[in-house]
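The lines below spell out each chain.
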Amino acid sequence: MTALLQVQGLTRLFGGLVAVNKVDFEVPQGSILGIIGPNGAGKSTLFNLIGGALPPSEGRIVFAGKDITGWRPYRVAREGIARTFQTTALFEELPVYINLAIGRRMRTRSGFWDVLLRTPRMRREREETTAKVLEVLEFTGLGKYANEPAGSIPQEAQKRLAIAVALMGEPRLMLLDEPTGGVGMGETDEIIDLIGRVRDRGITVCVIEHKMRMMMSLADRMVVLNFGVKIAEGEPRQVCEDPAVIEAYLGECIA
Ligand SMILES: Nc1ncnc2c1ncn2[C@@H]1O[C@H](COP(=O)(O)OP(=O)(O)OP(=O)(O)O)[C@@H](O)[C@H]1O
Ligand SMILES: [Mg+2]
């Protein structure tokens, strides 16, 4: 399998703090990479670097063979990388289906005149967006909430909605920052199932999670960060039993 994403020597300083320190890894097309590590290890910063929210201090990010280092977020998104945030970023007062339609914006080009003059492009894009909203509602099991304000649906469904919004842009790579964060242990099954089905659609996934048990069943490979440094990498079972990981993070391999 060829790597869809390659991260090489990626480094980010905040003043004197090295939040991400010479990190290297590759993510094969169609796989799930799990990223774990203690609080403050640099996991979210890593996503901010890949997604273009922050420029790296050093290093390179190569996506589908193209050097995207330092690209702005909208350009990274157009190239096919979608992300969700640790704290869910939805338009809470707006209905679920509108949140989804907004998630389509980087795939549409209609501007003010298109809307005013109801051009064929605007009509075509509106039809495409409607069809995609219906398809994604079905795929994510959120159909019953379509007309509810996003902020009023259960927390677990809001987490699925964040993934659904990311799907609207038809990405090739999804970066999921704690997709089950804030959701009780007993309520994560649908989210885990959804992430697996996203991968089955051919979308490559990088997922940050604290729930080790979930990673064991979901991830093809794992990367472990501690103080910005990659301290382990490999198959989940191998990483879970790695003494350095147990010392830094796990205490013991519970999964
Ligand atoms: N914009 C910023 N400015 C200054 N320091 C930052 C900034 N973003 C992150 N940091 C610092 O970088 C380090 C890594 O933070 P990051 O949020 O990436 O950790 P994390 O692994 O996602 O942690 P958590 O598991 O708590 O979400 C922390 O020490 C944090 O305080
Ligand atoms: Mg984080």
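Residues numbered from 1 in each chain as written. Chains lettered and ligands numbered in written order. Predicted model: local features only at pLDDT ≥ 70, side-chain atom pairs only at ≥ 80, totals over all residues. Heavy atoms only, no water.

Asks: Looking at this structure, how should I read the coordination of the magnesium ion (ligand 2)?
Replies: The magnesium ion (ligand 2) binds to the protein through Ser44 (OG) and Gln86 (OE1), with metal-donor distances spanning 2.1 to 2.3 Å. With Ser44 in helix α1 (residues 43-51) and Gln86 in the loop between β6 (81-84) and α3 (96-102), the pair connects residues that are 42 residues apart, well separated along the chain. Here Ser44 falls in the partly exposed class, since its relative accessible area comes to 23%. On the accessibility criterion, Gln86 (39% relative accessible area) is partly exposed. (Donors = N, O, S within 2.8 Å, 3.2 Å for Na, K, Ca; no water. Helix = DSSP H or I, 4+ residues; strand = E, 2+ residues; numbered from the N terminus. Buried < 20%, exposed > 50% of the residue type's maximum accessible area, 1.4 Å probe, protein only.)

Asks: What's the story with the nonpolar core in this structure? I'm lost.
Replies: General note: in soluble globular proteins, nonpolar side chains tend to be found buried as a group. Residues Ile36, Leu100, Leu161, Ile163, Met174, Ile195 and Val198 are the most contacted members of the largest nonpolar core, which totals 46 residues. The element best represented in this core is helix α6 (residues 155-168), accounting for seven residues. Three or more residues apiece are contributed to this core by two domains, here domain 1 (1-80 + 171-255) and domain 2 (93-168). Excluding anything up to four places from it in sequence, Met174 contacts Ala82, Ile163, Ala166, Leu167, Val198, Ile203, Thr204, Val205 and Cys206. Membership of the second largest hydrophobic core comes to 28 residues, among which are Leu5, Trp71, Leu173 and Val223. (Core = buried A, V, L, I, M, F, W, Y, C linked by side-chain atoms within 4.5 Å. Domains from an automatic or database assignment. Contact = heavy atoms within 4.5 Å.)

Asks: Before we go on, may I ask you to explain the packing of aromatic side chains in this structure?
Replies: Where two aromatic rings form a pair, the distance of their centres and the angle of their planes describe that pair. As enumerated under the stated definition, the model contains zero aromatic pairs in all. Positioned above the aromatic ring of Phe139 is the side chain of Arg201, whose terminal nitrogen or guanidinium carbon lies 4.3 Å from the ring centre. (Phe/Tyr/Trp six-rings, centres within 6.5 Å; stacked < 30°, edge-to-face > 60°. Lys NZ or Arg CZ within 6 Å of the ring centre and 35° of its normal.)

Asks: What is the right way to read the site of ligand 1 from this model?
Replies: Among the 14 residues in the neighbourhood of ligand 1, the closest are listed as Asn39, Gly40, Lys43, Thr45 and Gln86. Taking Asn39, its side chain carries an N or O atom lying 2.9 Å from an oxygen atom of ligand 1. Ser44 has a polar side-chain atom sitting 2.9 Å from an oxygen atom of ligand 1. Contributing elements (two or more residues each) for the shell around ligand 1: β2 (17-28) and α1. Per-element tally for the shell around ligand 1: the top contributor is α1, with three residues. (Near = heavy atom within 4 Å. Polar contact = N/O pair within 3.5 Å; in protein donor to acceptor, adjacent residues only side chain to side chain.)

Asks: For this particular structure, what's the right way to read the sheet that holds strand β9 (residues 221-226)?
Replies: Pairing between the strands of a sheet comes from backbone hydrogen bonds, and it takes one of two forms, parallel or antiparallel. Strand order in the open sheet formed by six strands is β6-β7-β8-β3-β9-β10, with mixed pairing between adjacent strands. Sheet topology places β6 and β10 (229-234) at the edges, where each strand pairs with a single neighbour. In this sheet, neighbouring strand axes are inclined to one another by 15° on average, regardless of whether the strands run parallel or antiparallel. Two elements, β6 and strand β7 (residues 173-177), share four bridges in a ladder whose sense is parallel. For Thr84, the partnering residue across the bridge sits in β7 and is Leu176. Sheet contacts for α6: β6 and β7; angle to β6, the most-contacted strand, approximately 165°. (Pairing = 2+ DSSP bridges. Axes fitted to C-alpha atoms, helices over the stretch in contact; angles between N-to-C directions.)

Asks: Would you take a moment to explain the domain arrangement of the protein for this structure?
Replies: By a frequent convention, interface size equals the accessible area lost on bringing the separate parts together. The domains assigned to the protein are domain 1 (1-80 + 171-255) and domain 2 (93-168). Centre-to-centre, using C-alpha coordinates, domain 1 lies 26 Å away from domain 2. Counting from both sides, the interface comprises 21 residues of domain 1 and, opposite them, 15 residues of domain 2. Contact between domain 1 and domain 2 buries roughly 1,600 Å² in total, counting both sides, with carbon and sulfur atoms accounting for 61%. For the domain 1 face of the interface with domain 2, the top three residues by lost area are Arg78, Leu194 and Arg201, together amounting to 38%. Glu190 is the partner of Arg160 in a salt bridge, and the nearest nitrogen-oxygen pair spans 3.4 Å. Summed over the shared surface of domain 1 and domain 2, the number is five residue pairs in polar contact (both at pLDDT 80 or more). (Buried area = accessible area lost by both parts, 1.4 Å probe. Salt bridge = Lys/Arg side-chain N within 4 Å of Asp/Glu carboxyl O.)

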